[in-house]
Amino acid sequence: GARGDVHGFQRVADSNAEAIQKQPTLVSRAEAVKEKITLLALVNMVFERPSLERTLSFEDISDRVGVPLDQVEWVIMRALSLNLIKGTMDEVDQTVDVSWVMPRALTNKQMTELATRFGEWAVKVSKTKDYMMEHTGALLNQ
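Below, the structure is looked at part by part. None of these values were measured; they are calculated from a predicted model.

Notes on the nonpolar core
Stage number 1. The biggest cluster of nonpolar side chains holds 24 residues, and the ones touching the most others in it are L42, V46, L56, I61, I76, I85 and V96.
Stage number 2. Those elements that place two or more of their residues in this core are α3 (24-47), α4 (58-65), α5 (72-81), β2 (85-90) and β3 (95-101).
Stage number 3. The dominant element in this core, judged by the number of residues it contributes, is α3, at eight residues.
Stage number 4. Discounting chain neighbours no more than four positions away, the residues touching I85 are L42, V46, A79, L80, V98, W100 and V101.

Thoughts on the sheet that holds β3
Stage number 1. Overall, antiparallel pairing links the three strands, which are arranged β1-β3-β2 in an open sheet. Each edge of the sheet is formed by a strand with only one pairing partner; in this case those strands are β1 (55-57) and β2. Direction aside, neighbouring strands of the sheet carry axes that sit 30 degrees apart on average.
Stage number 2. In this structure, β1 lies alongside β3, joined through three bridges in antiparallel fashion. Following the sheet pairing, S57 is matched in β3 by T95.
Stage number 3. Against the sheet, α4 touches β1, β2 and β3, its axis set at about 75 degrees to β1.
Stage number 4. Across the sheet, α5 is in contact with β2 and β3; its angle to β2 comes to roughly 145 degrees.

Points about α3
What sets the pattern is the α-helix's 3.6 residues per turn: residues three or four places apart point alike.
Stage number 1. Here α3 is 24 residues long and its end C-alpha atoms lie 35 Å apart, about the 34 Å a rise of 1.5 Å per residue gives.
Stage number 2. Residues of α3 that are buried: I37, T38, L39, A41, L42, V43, N44, M45, V46 and F47.

Description of helix α1 (residues 6-15)
Stage number 1. Here α1 has its buried residues at V6, G8 and A13. The buried side chains of α1 occupy one side of the element, clustering within an arc of 165 degrees when seen end-on. Pointing more than 90 degrees away from the buried face of α1 are the exposed residues R11, D14 and S15.
Stage number 2. Considering only its buried residues, α1 is in contact with α2 (17-21), α3 and α4.

Quick look at the layout of surface pockets
Stage number 1. The calculated volume of the largest pocket comes to roughly 440 Å³.
Stage number 2. Among the elements that make up the lining of the largest pocket, the one with the highest residue count is helix α6 (residues 108-140) (six residues).
Stage number 3. Looking at side-chain class alone, the lining of the largest pocket contains seven nonpolar, one polar and five charged residues.
Stage number 4. Lining the second largest pocket are 16 residues, and of these F9, A13, I20, L26 and A30 sit closest to its centre.
Stage number 5. When contributions to the lining of the second largest pocket are tallied by element, the ones reaching two or more residues are α1, α2 and α3.
Stage number 6. Looking at the lining of the second largest pocket, the element that brings in the most residues is α3, giving seven residues.
Stage number 7. Looking at side-chain class alone, the lining of the second largest pocket contains nine nonpolar, three polar and four charged residues.

Procedures and definitions
Residues numbered from 1 in each chain as written. Predicted model: local features only at pLDDT ≥ 70, side-chain atom pairs only at ≥ 80, totals over all residues. Heavy atoms only, no water. Core = buried A, V, L, I, M, F, W, Y, C linked by side-chain atoms within 4.5 Å. Buried < 20%, exposed > 50% of the residue type's maximum accessible area, 1.4 Å probe, protein only. Helix = DSSP H or I, 4+ residues; strand = E, 2+ residues; numbered from the N terminus. Contact = heavy atoms within 4.5 Å. Pairing = 2+ DSSP bridges. Axes fitted to C-alpha atoms, helices over the stretch in contact; angles between N-to-C directions. Expected span 1.5 Å × (residues − 1). Arc of directions from axis to C-beta. 1 Å grid on protein atoms, 1.4 Å probe; cavity = no way out; pocket = protein on both sides within 12 Å on 5 of 7 lines; lining within 4 Å. Points joined across faces, edges and corners; volume = space filled by probe spheres on them. Nonpolar A, V, L, I, M, F, W, Y, C, P; charged D, E, K, R; others polar.

Next comes the structure, spelled out in structure tokens:
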């Protein structure tokens, strides 16, 4: 499946540069393809994080999606405008707080990771319920 592996894409493009240059269609669409891979890398980066840990630094985004730090803001704005993600960007702190990420088809590995996260969430909910019952029981019985 598509993972948005910017560095892997660049390795393939570099090792096949001569063949790519002989294909006018590939040459003319190279920037569009690079943009799509960059946006996919950002979406995957967000998706891989737990929902409560979706404040991303521009520096982390730069490293993951393979763009210079001064272009990260543009990548985020592009993802927001295409409704790939929803959230708020803080240019001063150089972070983006993502509240929603576009759903997508998941690999078996991603499904397993998601199932693990759901399991962890269920344990937290159960512990919170037990805590609330333990500490509010006295209030309810008055």
